[in-house]
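# Coordinates in review
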Amino acid sequence: MPGHSPQQSGTESLREACMSDYIVSLEHTGIDDIERVGGKNASLGEMIRHLSAAQVRVPGGFATTAQAFRDFLAQNGLAARIEQRLKGLDTADVTALAAAGREIRGWIIDTPLQTGLETAISDAYAGMAASAPAGFSVAVRSSATAEDLPQASFAGQQETFLNVRGLDEVRRRIKEVFASLFNDRAISYRVHHGFEHEKVALSAGIQRMVRSDIGASGVLFTLDTESGFRDVVFITASYGLGELVVQGAVNPDEFYVYKPALAAGRPAILRRNLGSKHVRMNYADDAQADHGVVSRDVDEADRRRFCLDDADVEELARLAVAIEQHYGRPMDVEWAKDGLDGQLYVVQARPETVQSRAGQIIERYALGRRGKVLVEGRSIGQKIGSGVARIITDISEMAKLEEGDVLITDMTDPDWEPVMKRAAAIVTNRGGRTCHAAIIARELGVPAVVGCGTATDDVADGVPVTVTCAEGDTGYIYDGLLPFERREIELNAMPALPVKIMMNVGNPDRAFAFSNLPNKGVGLARLEFIINRMIGIHPRALVDYARLSRDLQETIEPLIAAYANPREFFVARLAEGISTIAAAFNPHPVIVRLSDFKSNEYANLIAGNVYEPEEENPMLGFRGASRYIAETFRPCFEMECEALKRVRDQMDLTNVEVMVPFVRTPDEARQVIELLAACGLERGKNGLRVIMMCELPSNALLAEDFLQYFDGFSIGSNDLTQLTLGLDRDSGLVAHLFDERNPAVKALMARAIDACRAAGKYIGICGQGPSDHEDLAAWLLERGIESISLNPDTVVETWIDLASRHAGR
């Protein structure tokens, strides 16, 4: 392999060594050699042999065999002593587990390697050295013979040593890898998953190091780890060696890459999430660290930018797809970018073992009410758990955690696994979505919130808490035991319906999960949610950035630092949110409503108060079409249009359709359509449909006039109801009168439906009404509506109810 694999001319010694029963070159192994060299090493050999043509670069090296390990244990009756020591061990007794593991590891360290293995290692290492630059180093990794099988994940169970230099150190680390088969976590894991200890052997992989200590590294999955969505590659990345990403000691950058766009040669990055990346792992000076590595702080300027450019992200995704296609299953891959040659390398690949096993029954959790938020972070999974908070600062305190407690700690590592299975939920200060705590939480099926920063300070030990991952990308730890419900939904056999059931989706973080529900697309994707959550800055402030006060610039600058300029920050982030939803539901239509903030809502954004008027009644004020066509807002509207064009034209997500809200008059309709065309969103071009929100009584009463400019209506029942009945839906004094089933409201909806059907144009509904009232949904079905867009949590129930009513007609 270029740069890191042994060269053909310099491996004679290595090839000769590989003839022994104890050593084999990685390039001579393959997926059929799991029993010989373990899953990890077999996978490396498989990729070296079969994926070089696809430019998958894997650093070369050699592996000790399972036979070498077994013969090592056969010395002095060591295997029999180990078997006897583990017989009847209660792994739930943390103290007894630790004592047994410590004693067995001591036996192994004190036992010398057999002569044949010593010689074979020496010969193989000499073969590596013959083709390596002076001062080269290796990684010594474990590879269990039962490891990385599709039905279980042994990832991180045994030791890995980086930046190992010289033959004596290699021998020492190999023995320590052998001993790590009997780490507390490894013993417990085998018992928990039904693996017999004596049937699991260990191979040590000795692999050339990639100089990612001066580059970057991370972990990727060939699906979305939270939802199982198969059309993306999920990549995490941080500076330096990858161990900190795996351990969860750093919050990495995250990228989602859309496989169909990648295959078509289109821009394919759906999302970029900037991580804090506050620390990196580098090579240590000889005397600095026992493991050959040391952690150092990352400069503030480097933290504020992505550690990979778009070209590297897409190249990693291409490598990931090639690996997935070769193995025929979703994969979990560790990668590294060499800071010397700039190349990307794959250093591990194993089957993904959680989402790829998910079935057609999905769980849905819903919080009964919210409480006081103690701390928040990145949500892992979509569940809710509650219990007594236990602050565990060190592994020696594990016995404090009782069954059903909520584990709160700085970070976890594989040594914590024996106790993690007791937890009702897991909360960490540090870590991202591919950290150790996240991986184990998914496997155990418990909610986790990682990367909270200050959870161990903000939550008191012994207090009852509720941990929810059911509210999107952000997970919350609430004070107290809050009520919540859990439902199972069977998706295998949804009955046929004469109407399209779509969804209202505003949060891109949940789009992949929501796409698992039965649906015909998105009837309402709200731009204001994306702007509020992913941008948070008034668009005019980004247009006028150079003219802002220095105080505002200093507030905004850290948020936009990773992007080329303020305008690009807005356009790119908005495009990322739109494209994520569009990709999740492709090829079904995704109707994106242009921003419909009211002036008081815009004012809540950073710098919003600089630009927004103070209105007596913002609900009826400067919003919708009136805002778009105003000269003061036009530069902002042009940025929205640019984001939509980028998604449709560059990424080829032409399932995105445009919806215009709050159009008061047919003349406003004309002006908006002309403005959209001037901004490159011409109705009918490249299949673009432009829909109008039918949410004012005038829209229904003059439906034929408005339909001259649009391809159909989507009824906004919320505003239509309050404007028809003349009430403020946010006022508690008249809230009891708000009902979308009022005869006057239904008369206007019927008028809109009939006009669209007569004109042969689209007619749907995206308001709250059908989600709240199944009888209203049934009435809409009878009136001939084409689609009903529901809140995701009501899709299955409403679908089944409508099918039952329709069957009973």
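Our subject is the structure that appears above.
The present account deals with the structure reproduced in this document. (Residues numbered from 1 in each chain as written. Predicted model: local features only at pLDDT ≥ 70, side-chain atom pairs only at ≥ 80, totals over all residues. Heavy atoms only, no water.)

### Notes on the environment of Phe585
Within the secondary structure layout, Phe585 lies in helix H20 (residues 566-585). Looking at Phe585, the relative accessible area reads 2%, which means it is buried. Spatially, the C-alpha atom of Phe585 lies 18 Å from that of Thr222, the residues being 363 residues apart in sequence. In contact with Phe585, not counting residues within four places along its chain, are Met503, Val505, Ala511, Phe514, Ser515, Asn519, Gly521, Val522, Val590 and Asn655. (Helix = DSSP H or I, 4+ residues; strand = E, 2+ residues; numbered from the N terminus. Buried < 20%, exposed > 50% of the residue type's maximum accessible area, 1.4 Å probe, protein only. Contact = heavy atoms within 4.5 Å.)

### What about the pattern of salt bridges?
Per the counting criterion, the structure on display carries 57 salt bridges. A salt bridge links Glu324 to Lys259, with the shortest nitrogen-to-oxygen separation between them at 2.8 Å. Of this pair, Glu324 sits in helix H12 (residues 310-327) while Lys259 sits in helix H10 (residues 259-263), and the two are 65 residues apart along the sequence. Assessed through its relative accessible area of 14%, Glu324 is described here as buried. Each of Glu169, Arg172, Arg173 and Glu176 takes part in one network of salt bridges that share partners. (Salt bridge = Lys/Arg side-chain N within 4 Å of Asp/Glu carboxyl O.)

### Remarks on unusual backbone geometry
The linkage connecting Asn586 with the following residue, Pro587, adopts the cis geometry, with an omega of 10°. When you line up the elements, Pro587 lands in the loop between H20 and strand E25 (590-593). With phi around 70°, Ala607 is a residue other than glycine that occupies positive phi space. Turning to its location among the elements, Ala607 is positioned in the loop between helix H21 (599-602) and helix H22 (608-611). Relative accessible area serves as the criterion here: at 6%, Ala607 is assigned to the buried category.

### Here we look at the side chain of Asp801
Position of Asp801 among the secondary structure elements: in helix H32 (residues 795-807). Overall, the relative accessible area of 17% leaves Asp801 in the buried class. A polar side-chain atom of Asp801 sits 2.7 Å from a polar atom in the side chain of Arg805. (Polar contact = N/O pair within 3.5 Å; in protein donor to acceptor, adjacent residues only side chain to side chain.)

### Let's talk about the environment of Gly371
Secondary-structure assignment places Gly371 in the loop between strand E14 (361-367) and strand E15 (373-380). When the C-alpha positions of Gly371 and Gly480 are compared, they lie 7.6 Å apart, and in sequence the two are 109 residues distant. Here Gly371 is in contact with Tyr478 and Leu482, once residues within four sequence places are set aside.

### Overview of the sheet that holds strand E27 (residues 690-694)
Pairing is parallel around the closed barrel formed by eight strands, whose spatial order is E23-E24-E25-E26-E27-E28-E29-E30. Along the sheet, successive strands turn relative to each other by an average axial angle of 30°, direction set aside. Here four bridges tie E25 to strand E26 (residues 656-660), and the two strands are oriented parallel to one another. When the sheet's bridge partners are listed, Val590 is paired in E26 with Val656. (Pairing = 2+ DSSP bridges. Axes fitted to C-alpha atoms, helices over the stretch in contact; angles between N-to-C directions.)

### Comments concerning H20
Taking 1.5 Å of rise per residue, 20 residues should cover 28 Å, and H20 covers 30 Å from first to last C-alpha, within 8% of that figure. Of all 20 residues in H20, 18 are buried, a share of seventy percent or more. Where H20 begins, the side chain of Asn565 points an oxygen toward the backbone nitrogen of Arg567, at a separation of 3.2 Å. (Expected span 1.5 Å × (residues − 1).)

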